[in-house]
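# Chain and residue survey
Given next are the chains, with one letter for each unit.
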Amino acid sequence: MRTNLLRTAAAAALAFLLTGCAAGAHSAVRHEPASSGAQSEPASSAGSKIASVKGSRITVYRNKEGVAQRTITSPNGYGATRVFLVERDEGEWLQVLLPIRPNGSKGWIKATDVTLAETSYRVEIDRGAFRFTVYDGDRAVRTGKVATGEAGTPTPPGRYFFTELVKPADDGGAYGAYAFGLSGFSPVLKSFAGGPGQLAIHGTNKPSAIGTRASHGCVRISNDDITWMAKNLAIGTPVVVKG
């Protein structure tokens, strides 16, 4: 089931914090039908729930007893509505994956503070094979090659989600046609380009580097592939990096 959460972020003068993925003018993006880019193959996960914050901030709790852990504002620094990937739905309480260090951090939020939607899509990145696969339920709908982090700045394995979609001002720049921010961070770079080392999946102006270890930790894919993702995948879509 496709969600209606796809948004671009108004992110002029900001950068993805690991790669310096400079963002430019706001650009509207619409869903388009998925094209067939991969042979169908089995996968293990069904749909995922995405929680969008209703107000200007949300309290994250350490547990369901109401022990506050932190407050997170919305929209985020890129102008995108704050979303979380839901790990457990217990009715009044939702356990969510948080876009903070350390990677994989979780917390509890109140269901009344968010709006829930579902997506059947997920992205899997196989570092060893330098390949991504997008699944719609159990069906692989697109696959392609990736570039990952160099040995000194590796792309960390883990479970993440898209936090914003940015359209760079220059399609021919280092970050290609689009860049999706991820909820994870570099395990090596605590700061980069003025920020805390956020990971991203983005296009590139050096397609020859795809299929190699070439980045500061981000995942680079072709401009055709990132454009397809921008048209078909929602903010909040889960991303699993393995291998």
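Residues numbered from 1 in each chain as written. Predicted model: local features only at pLDDT ≥ 70, side-chain atom pairs only at ≥ 80, totals over all residues. Heavy atoms only, no water.

## Considering the confidence of the model for the protein
Of the residues in the protein, 79% have a pLDDT of 70 or more, and the chain-wide mean is 85. Taken as a whole, residues 1–44 scores under 50 in pLDDT and shows 150 contacts with residues more than four places along the chain or in a different chain. (pLDDT = per-residue confidence, 0-100. Contact = heavy atoms within 4.5 Å.)

## With respect to the pattern of salt bridges
Summed over all chains, the structure comprises 10 salt bridges. Here E87 and R159 are joined by a salt bridge, their closest N and O atoms 3.1 Å apart. Linking E87 in strand β4 (residues 83–90) with R159 in strand β12 (residues 158–166), this pair joins segments that are 72 residues apart in sequence. Given the relative accessible area of 26%, E87 is considered partly exposed. A salt bridge links D225 to R142; the nearest nitrogen and oxygen atoms lie 2.9 Å apart. In this pair, D225 sits in helix α1 (residues 223–232) while R142 sits in strand β10 (residues 139–145), placing the two residues 83 residues apart along the sequence. Each of the two residues, D225 as well as R142, counts as buried. (Salt bridge = Lys/Arg side-chain N within 4 Å of Asp/Glu carboxyl O. Helix = DSSP H or I, 4+ residues; strand = E, 2+ residues; numbered from the N terminus. Buried < 20%, exposed > 50% of the residue type's maximum accessible area, 1.4 Å probe, protein only.)

## Brief notes about the side chain of R142
Here R142 falls in the buried class, since its relative accessible area comes to 13%. A polar contact is formed between the side chain of R142 and the side chain of D225, at a distance of 2.9 Å. (Polar contact = N/O pair within 3.5 Å; in protein donor to acceptor, adjacent residues only side chain to side chain.)

## Some words on the environment of A46
Relative to the assigned elements, A46 resides in the segment before β1 (48–53). Residue A46 is classed as exposed on the basis of its relative accessible area of 55%. Along the backbone, A46 and Y121 are 75 residues apart, and their C-alpha atoms lie at a distance of 8.4 Å.

## Some words on unusual backbone geometry
In the segment running from S74 into P75, the intervening peptide bond is cis, with an omega of 0°. The topology assignment puts P75 in the loop between β3 (68–73) and β4. A cis geometry characterises the amide bond from R101 onward to P102, with omega recorded as -10°. For P102, the location among the structural elements is in the loop between β5 (93–97) and β6 (106–110). Phi is positive for F130, which is not a glycine, with a value near 50°. On the secondary structure map, F130 appears in the loop between β8 (121–126) and β9 (131–136).

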